[in-house]
Amino acid sequence: MSLKSRFKKLLPRTIFGRSLLILIMPILLLQAITTYIFFDRHWEKMTSRLAFAVAGEVATMAEVLEGEGGQTQIDGLARYAAQNLDLLISYVPGAGLEDYQMTNSQVDWRRQMVMDVLSAELKAKVRRPFAIIIDTDEKWVDVRVQLDSGVLLVSLPQRRLFSSSSYIVILWMIGSSIILLAIAILFMRNQIRPIRRLAVVAERLGRGLDIPSSFKPEGAWEVRQASRAFLDMHERVKRQITQRAAMLAGVSHDLRTPLTRMRLQLAMLPEGPDVEALKQDVLDMERMINAYLDFAKGEGGEQPVRTDLRVILDRVVAGMKRQGADVHLEMDQDLSLLLRPVAMERCLTNIVTNARKYARHIWVSAHHIENGELVEICVDDDGPGVPEDQREEVFKPFVRVDQSRNASTGGVGLGLPIAREVVHAHGGQIWLETSPHGGARAVIHLPG
Ligand SMILES: Nc1ncnc2c1ncn2[C@@H]1O[C@H](COP(=O)(O)OP(=O)(O)OP(=O)(O)O)[C@@H](O)[C@H]1O
Ligand SMILES: [Mg+2]
């Protein structure tokens, strides 16, 4: 698989999904860049400044206590620190760092980072052994410094070390993207609804169904334009069908009347081989005219209904068997489809009749394929098959491989064209292949 098609597979399939992606990608990218810059620059700088200040204060305290008479001033120093620096300090003479609990509770990466920065600052400024204990629950940080004759304990609230604005910035960024997305989804939905509706209508037209009267052009200009074009096309097709039906009714009447007259006159003539031949010709002509008219009439406005394809196939195959054909039928359990039953039966009869005409054994099968999206009907036979260069040709009206339109070898060459028209009116496809049984295979795909 090429890179391009792999990439295409990853893309969402619907317009909705794609347009959301187009919106989300830049937002995410922007947020990622902003977050990176914020943390890399602003947050780190803030943290190191805060740590710098705290470390400086702790170092000053340590210096003062270590100085001459320093330890006598501890009370004053503690008061001063509590009032002005937000630090609680005390001094334990004679103690060592090892007298205190040293293990730190588990901290998240953000606190850990602050601790590391503070640790580095303290190391640089205090230059004595020290320990930092962070208390996640109480929101206090304890710094203990080993002095020459005791331990200096400093407790400071965590807010002296953490800049709280970082949370707000991140929350704001997440919040704003959620709001943006929500608005985008709302608007996109409304924009896409008319396109979806148009797709449904187009698909109904393909199946030869009527357009629901509630459908009217709406949405963005392009979509309205396309909808209007569809409605126009639908009108034109309907008009053509009505015209064709009217013309056929006339032609049918005009042709049949002289033929009937001829048949009557022939019946009155004395019997003889010439008269017999003429009678046969008239019969052939009648049969052909009927076939042409049937074809030209099309599916005749039959409305689609939910039908069990199994019933139709059963009937077609039973009919063939009655005529002595050897037909093997195999079907899925549930084949309920939206069909025009009479037209579909005619289509299938045409195909099975062809197989019967040219072969001895017939295999008919109907199955769901493509996860039930399609129903595939195959009609196989073990006859001579249709030459590859003729497989499209024979779907044209009046085309026959053997070219004889003689009654003894069969019809007029309208069986397959009619079958194709019916299948197309159902939104399906029909074509010929080579059968695994050696003869021809007709394949029909119908939307499931
Ligand atoms: N199963 C088949 N095996 C071999 N040839 C076939 C088969 N089905 C169709 N053909 C060829 O395709 C041609 C066209 O078929 P089509 O059904 O359209 O017409 P027809 O059977 O000759 O006449 P009609 O069906 O109108 O009575 C046939 O004349 C035949 O040559
Ligand atoms: Mg035929």
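Everything here concerns the structure above.
This one's a predicted model, so the numbers in the text were calculated from it and none came from an experiment.

A. Local environment of the overall build of the chain. Within the chain, the secondary structure is distributed over ten helices and eleven strands. Over its C-alpha atoms, taken along the principal directions, the chain stretches across nearly 155 × 50 × 35 Å. A buried classification covers 37% of the 448 residues belonging to the chain. Positive and negative side-chain charges in the chain, numbering 55 and 54 respectively, have mean positions lying 6 Å apart.

B. Geometry of the nonpolar core. One finds Leu 309, Met 344, Leu 348, Ile 351 and Ile 444 to be the most contacted residues of the largest nonpolar core, which totals 44 residues. Sorting elements by how many residues they give to this core places helix α9 (residues 341-358) first, with seven residues. The residues contacting Met 344, other than those within four sequence positions of it, are Leu 309, Ile 312, Leu 339, Val 422, His 426 and Leu 446. The next biggest cluster of nonpolar side chains, apart from the first, holds 37 residues, and it includes Tyr 91, Val 107, Met 115 and Val 143.

C. A look at the packing of aromatic side chains. Under the criterion given, the structure shown has zero aromatic pairs. Above the plane of the ring of Phe 395 lies Arg 420, whose end atom (NZ or CZ) is 3.9 Å from the centre.

D. Spatial organisation of the site of ligand 1. For ligand 1, the set of nearby residues contains 19 residues, the closest of which are Asn 354, Asp 381, Arg 400, Leu 414 and Leu 416. Its free accessible area being 590 Å², ligand 1 has 90% of it covered by the protein chains. Counting residues per element, the ones that place at least two in the shell around ligand 1 are α9 and α10 (415-425). It is α9 that contributes the most residues to the shell around ligand 1, four residues altogether. Looking at the shell around ligand 1, its residues break down into eleven nonpolar, five polar and three charged.

E. Geometry of helix α8 (residues 309-322). Compared with the 20 Å implied by 1.5 Å per residue over 14 residues, the 20 Å span of α8 between its first and last C-alpha is a close match. Within α8, the full set of buried residues consists of Leu 309, Ile 312, Leu 313, Val 316, Val 317, Gly 319 and Met 320. End-on view of α8: buried residues confined to an arc of 155 degrees, all on one side of the axis. Considering only its buried residues, α8 is in contact with β5 (305-308), β6 (326-331), β7 (336-339), α9, β8 (361-369) and β9 (374-381). One or two residues past the end of α8 sits Gly 324, with phi positive at roughly 90 degrees.

F. The arrangement of unusual backbone geometry in detail. A positive phi angle, near 55 degrees, is found at Arg 127, a position not held by glycine. Mapping Arg 127 onto the fold places it in the loop between α4 (109-125) and β2 (130-135). Positive phi outside glycine occurs at Glu 370, with the angle close to 50 degrees. By the secondary structure assignment, Glu 370 is in the loop between β8 and β9.

G. Structural view of the sheet that holds β9. Read across the sheet, five strands follow the order β6-β8-β9-β11-β10 without closing on themselves; strand pairing throughout is mixed. One side of each edge strand has no neighbouring strand; the edge strands of this open sheet are β6 and β10 (429-434). Adjacent strand axes in the sheet meet at a mean angle of 15 degrees when their direction is disregarded. With respect to the sheet, α10 is in contact with β10 and β11 (440-447), its orientation differing from that of β10 by roughly 130 degrees.

H. Representation of the sheet that holds strand β3 (residues 140-147). The strand order across the open sheet formed by four strands is β1-β4-β3-β2, and the pairing between neighbours is antiparallel. One side of each edge strand has no neighbouring strand; the edge strands of this open sheet are β1 (88-93) and β2. With strand direction ignored, the average angle separating the axes of adjacent strands in the sheet is 15 degrees. Bridge analysis of β2 against β3 gives six bridges, and the strand direction is antiparallel. Paired with Asp 135 across the strands is Trp 140, a residue of β3. Helix-sheet contacts for α4 involve β2 and β3, and the interaxial angle to β2 is about 155 degrees.

I. The pairing of strand β4 (residues 150-157), seen in detail. Across the eight residues that make up β4, a large majority, six, are buried. Note that β1 and β4 share six bridges and pair antiparallel. When the sheet's bridge partners are listed, Tyr 91 is paired in β4 with Leu 152. In this structure, β3 lies alongside β4, joined through eight bridges in antiparallel fashion.

What counts and how
- Just so you know, the residues in each chain are numbered from 1, in the order the chain's sequence is written.
- Key to labels: chains lettered from A, ligands numbered from 1, both in the order written.
- Owing to the predicted nature of the model, reporting of local features is limited to residues with pLDDT of at least 70; listing and counting of side-chain atom pairs is limited to 80 or more, with chain, interface and lining totals taken over all residues.
- Excluding hydrogens and water, the side-chain figures rest on all heavy atoms present in the structure.
- Helix numbering and strand numbering both begin at the N terminus, where a helix is a DSSP run of H or I of at least 4 residues and a strand a DSSP run of E of at least 2.
- The buried label applies to any residue whose accessible area, calculated with a 1.4 Å probe on protein chains only, is under 20% of its type's maximum; exposed applies above 50%, and partly exposed to all values in between.
- Neither His nor the chain ends is counted toward charge; the positive residues are Lys and Arg and the negative residues Asp and Glu.
- Note that the charge is assigned to NZ on lysines, CZ on arginines, CG on aspartates and CD on glutamates.
- Among buried residues, the Ala, Val, Leu, Ile, Met, Phe, Trp, Tyr and Cys ones that are joined through side-chain atoms within 4.5 Å form a nonpolar core.
- Residues count as neighbours in contact if any of their non-hydrogen atoms are within 4.5 Å of one another.
- Here a pair means two rings of Phe, Tyr or Trp (six-membered ring of Trp) with centres within 6.5 Å. Their orientation is stacked below 30 degrees between planes, edge-to-face above 60, and tilted elsewhere.
- Counted as over-ring charges are cases with an Arg CZ or a Lys NZ within 6 Å of the ring centre that also lie within 35 degrees of the ring normal.
- Here, proximity means that at least one heavy atom of the residue falls within 4 Å of the molecule or strand.
- Calculation of accessible area relied on Shrake-Rupley with a 1.4 Å probe; when residues are assessed, cover is drawn exclusively from the protein chains displayed.
- Side-chain classes follow a simple rule in which Ala, Val, Leu, Ile, Met, Phe, Trp, Tyr, Cys and Pro form the nonpolar group, Asp, Glu, Lys and Arg form the charged group, and the remainder, Gly included, forms the polar group.
- Expected span, for any helix, means 1.5 Å times one less than how many residues it has.
- Throughout, the arc means that of the directions going from the helix axis to the C-beta atoms.
- Two strands are counted as paired when DSSP detects at least two bridges linking them.
- Fitted lines through C-alpha atoms serve as axes, helices being fitted only where they are in contact, and the angles separating the N-to-C directions of these axes extend from 0 to 180 degrees.

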